[in-house]
Amino acid sequence: MGHHHTNSEKNISFAFFLNAFFACIELAGGLWTNSIAILSDAVHDFGDCLSLGIAWILQKKSSKGGDDKYSYGYKRFSLLGSIFLSGILTISSVIVVIEAAERLFEPQQVNAEGMLVLAVIGLVVNGISALRLHKGSSLNERAVFLHLMEDVLGWAAVLAAGIVMKFAYIPVLDPILSIAISIWVLSHVYGNLKKTFRILLQAIPDDVSMENLKKDILETDGVVSLHDLHVWSMDGESHIMTLHVVTDSPNPDLLKEKIASAAAKYRISHSTIELESPGTICSRSCDNHESQ
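Rules and cut-offs
- Residues numbered from 1 in each chain as written.
- Predicted model: local features only at pLDDT ≥ 70, side-chain atom pairs only at ≥ 80, totals over all residues.
- Heavy atoms only, no water.
- Helix = DSSP H or I, 4+ residues; strand = E, 2+ residues; numbered from the N terminus.
- Buried < 20%, exposed > 50% of the residue type's maximum accessible area, 1.4 Å probe, protein only.
- Contact = heavy atoms within 4.5 Å.
- Areas by Shrake-Rupley, 256 points an atom, 1.4 Å probe, with all protein chains shown as cover.
- Polar contact = N/O pair within 3.5 Å; in protein donor to acceptor, adjacent residues only side chain to side chain.
- Pairing = 2+ DSSP bridges.
- Axes fitted to C-alpha atoms, helices over the stretch in contact; angles between N-to-C directions.
- Patch = residues over 30% accessible without salt bridge, like charges linked within 9 Å, V, L, I, M, F, W, Y side chains within 5 Å.
- Salt bridge = Lys/Arg side-chain N within 4 Å of Asp/Glu carboxyl O.
- Core = buried A, V, L, I, M, F, W, Y, C linked by side-chain atoms within 4.5 Å.

A. Expanded view of the overall build of the protein. On a plain count of helices and strands, the protein comes out with eight helices and three strands. When the helices and strands of the protein are listed from N to C terminus, the series reads α-α-α-α-α-α-α-β-β-α-β. In the protein, which comprises 292 residues, the share counted as buried stands at 46%. Taking contacts inside the protein between residues at least 6 apart in sequence as the whole, the part at least 24 apart equals 74%. Counting every atom, the protein has about 14400 Å² of accessible surface; 64% of that belongs to carbon and sulfur.

Laid out in structure tokens, this is it:
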């Protein structure tokens with residue numbers, strides 16, 4: 001786990017420094033070419049750099065184990081980076097859409113050659129960062145990879161628009177492209193926020209089938225029935241399970257090991273299992289009173 005966190009920190013820090021460097025080039029290039037699409041992506045990239053820096057800090061924080069303040073550890077700190085990133089991107093995208101909408105009615109000439117040069121550089125820089133992060137498994141890394149891929153696709157679109165405008169005078173294509181990129185970003189921001197808040201609200205993880213999990217536990221030797229089963233996720237990767245099991249097993253420790261093993265294939269890394277004898281009353285007021 002420590003090695004994984006170290007790699008995550010290195011990958012995010014690499015993306016941060018590379019994108020910070022390119023964002024400065026991009027801002028100057030947007031002013032040079034008079035392209036609102038490039039300027040909008042520069043704003044987007046500065047927002048990404050800010051969020052990448054915070055994600056980097058929070059990723060380091062999330063590697064800490066449990067203590068007197070956070071008994072489960074600091075894993076959920078990594079989710080704060082996703083929320084912050086989504087907020088930055090939402091604000092910047094709305095500003096870009098407003099600015100681009102004005103240019104729809106008053107198009108301005110852009111430097112097509114400059115757009116082509118910056119588009120090629122943008123594809124290379126963001127492509128390198130995306131390749132570095134594409135194998136990341138943490139929510140932070142996946143969120144960063146997603147935004148880098150959005151940049152790659154955005155620059156591919158700018159490249160195509162630059163080629164078109166090199167041969168045809170269609171300045172309105174620039175704000176249209178800018179609005180399209182912003183809508184793309186906002187749609188994925190919504191998806192990221194939805195996923196993050198599902199975790200924070202302790203929803204059942206998307207990759208866990210409660211029906212199959214119950215079936216696997218009930219098929220374990222010594223399990224008579226189960227109830228009060230709850231599953232949630234700490235950070236989108238490490239899941240937690242609590243449940244009550246009615247059992248007639250003579251070896252309760254072995255039974256717990258078997259149940260934990262059955263749950264492990266659902267990425268449940270922490271299990272709290274309370275065992276009860278047949279016919280006994282549940283030791284507390286359970287949410288699901290009927291045994292299953």
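B. Geometry of the environment of Asp216. Within the secondary structure, Asp216 sits in helix H7 (residues 210-218). It is 8.4 Å that separates the C-alpha atoms of Asp216 and Ile259, two residues lying 43 residues apart in sequence. Once you skip the residues sitting within four places of it in the chain, Asp216 turns out to touch Ala262, Lys265 and Tyr266. A polar side-chain atom of Asp216 sits 2.9 Å from a polar atom in the side chain of Lys265.

C. Unusual backbone geometry, seen in detail. Backbone geometry places Asp228, a non-glycine residue, at a positive phi of 55°. Although it is not a glycine, Arg267 sits at a positive phi angle of roughly 65°. Position of Arg267 relative to the elements: it lies in the loop between helix H8 (252-264) and strand E3 (268-276).

D. View of the sheet that holds E3. Here we have three strands laid out as an open sheet, ordered E1-E2-E3, and mixed in their pairing. Looking at strand neighbours, the two that pair on one side only are strand E1 (223-233) and E3, the edges of this open sheet. Across the sheet, the mean angle separating the axes of adjacent strands is 15° when strand polarity is ignored. As paired elements, E1 and strand E2 (residues 239-247) share eight bridges and run antiparallel to each other. Paired with Leu226 across the two strands is Val245, which belongs to E2. Across the sheet, H7 lies against E1, E2 and E3, angled at about 140° from E1, the strand it touches most.

E. Examining the environment of Ser82 more closely. Its place among the elements puts Ser82 in helix H3 (residues 77-105). Along the sequence, Ser82 and Leu193 sit 111 residues apart, while their C-alpha atoms lie 7.5 Å from each other.

F. Focus on a nonpolar patch on the surface. Taken together, the side chains of Leu27, Leu31 and Phe46 make up a nonpolar region of the molecular surface, amounting to roughly 280 Å² of accessible area. Within the fold, Phe46 resides in helix H2 (residues 36-62). You can call Phe46 partly exposed: its relative accessible area is 36%.

G. Representation of the nonpolar core. Formed by 17 residues in total, the largest nonpolar core has its most connected members in Leu213, Leu229, Val231, Met241, Leu243 and Ile259. Those elements that provide at least two residues to this core are H7, E1, E2, H8 and E3. Examining the composition of this core, we find that four residues originate from one element, E1, more than from any other. Among the nonpolar cores identified, the runner-up in size contains 16 residues, and Leu85, Ala119, Val125 and Trp155 belong to it.

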